[in-house]
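Reading the structure
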Amino acid sequence: ASGVAHAIEASLLLVVLVRGRRGLRLIPSRFFEGPPVLRSILRISLPSFVERVFFHAGFLVFAGMVTRLGELASAANQACIALESFSFIPAGAFGVAGATIMGQKLGARLPEQARAGGAWAVWLAVGFLSFMGLLYLTIPGLLVAFFSSDPQVLALAVPCLMIAALAQPTMAVGISLSEGLKGAGDTRSPLIITLIGIWGVRLGASWLLAYRLGLGLPGIWLATALDWAVRASLLLVVFRRGHWVRIKV
């Protein structure tokens, strides 16, 4: 079903691109007419590609650490991730908006407006995810009950969701600002920060808290919250320093 959905989505996007909309049109005969443009695309896309590879590789290891905690922990973790998707998917949407505005304004040589657009995207993401965090914090049991009626799953998932609530503002900054910097042409900074966050913080802290200190699944979610806090802090430093304003695309 997922494969069919992706195929339909890709087909519809191709139809829109071939027909052309708002000046954007796909012309197959011109694919190989612009080597300089292709080099620019590869220069920008390669770090982003590597970031995604290392992110998902790290997430596989992370998922394996959760699975080793047992079936109960896996079920509770999956319920929490499903609920948290109502946060990180909108955060990605704000990030796409910020990336679009930052890229357009830099192309128009309006760096201050690019900064303002990126900042607004971050603040909107923080506001929305903070609201979601309030729900996770005040009615966690009611929310988890949509996914499981097992009292053991509920007992384990509720504290994890409450930990996730505290991480919502930093998750908002991490996701939206990472996408915004990519839109400005800075794909290397998100790559380095993702490597630090996933491989240096999340996996290391998960092993320490969940296994060495015996906190189990709540330790996994504490490590995740720490990862988002570190990534958000580093991304804010990069954004404020402003090197991305001077990147030539």
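Residues numbered from 1 in each chain as written. Predicted model: local features only at pLDDT ≥ 70, side-chain atom pairs only at ≥ 80, totals over all residues. Heavy atoms only, no water.

**A word on the packing of helix 7 (residues 188–212) against helix 8 (residues 217–241)**
The condition is simple: In this analysis an axis means a line fitted to C-alpha atoms, helices contributing only their contacting stretch, and an angle means the value between N-to-C directions, from 0 to 180 degrees. Elements are defined by DSSP. Helices are runs of H or I of four residues or more, strands are runs of E of two residues or more, and each kind is numbered from the N terminus. Angular relationships are summarised with four words: roughly parallel below 35 degrees, roughly antiparallel beyond 145, roughly perpendicular across 65 to 115, and oblique for the angles in between. Put simply, a crossing is left-handed when the front helix is turned counterclockwise from the back one by less than a right angle, and right-handed when it is turned clockwise. Ten residue types, Ala, Val, Leu, Ile, Met, Phe, Trp, Tyr, Cys and Pro, are classed as nonpolar, four, Asp, Glu, Lys and Arg, as charged, and the remainder, Gly among them, as polar.
Packing of helix 7 against helix 8 leaves a shortest axis separation of 8 Å and a crossing angle of 155 degrees. Overall, the two elements helix 7 and helix 8 adopt an arrangement that is roughly antiparallel. In this structure, helix 7 meets helix 8 at a crossing whose hand is right-handed. Of the residues belonging to the contact of helix 7 with helix 8, the class tally is 16 nonpolar, six polar and three charged.

**Examining the packing of helix 3 (residues 71–107) against helix 6 (residues 151–183)**
Contact geometry for helix 3 and helix 6: axes closest at 8 Å, N-to-C directions at 20 degrees. By the angle between their directions, the pair helix 3 and helix 6 is classed as roughly parallel. Viewed along their axes, helix 3 and helix 6 form a crossing whose handedness is right-handed. Looking at the contact of helix 3 with helix 6 residue by residue, the class counts come to 20 nonpolar, 10 polar and two charged.

**Let's talk about unusual backbone geometry**
Rules: Using a 1.4 Å probe on the protein chains alone, a residue whose accessible area is under 20% of its type maximum counts as buried, one over 50% counts as exposed, and one in between counts as partly exposed.
For R109, which is not glycine, the phi torsion reads 60 degrees and is therefore positive. Residue R109 is classed as exposed on the basis of its relative accessible area of 75%.

**Observations concerning the state of the cysteines**
For the record, the criterion: Disulfide assignment relies on a single distance test, namely cysteine sulfur atoms paired within 2.5 Å.
Applying the stated criterion across every chain, the model contains zero disulfides. Of all cysteine sulfurs in the structure, the one in C160 sits closest to C80, which takes part in no disulfide; the separation is 5.1 Å.

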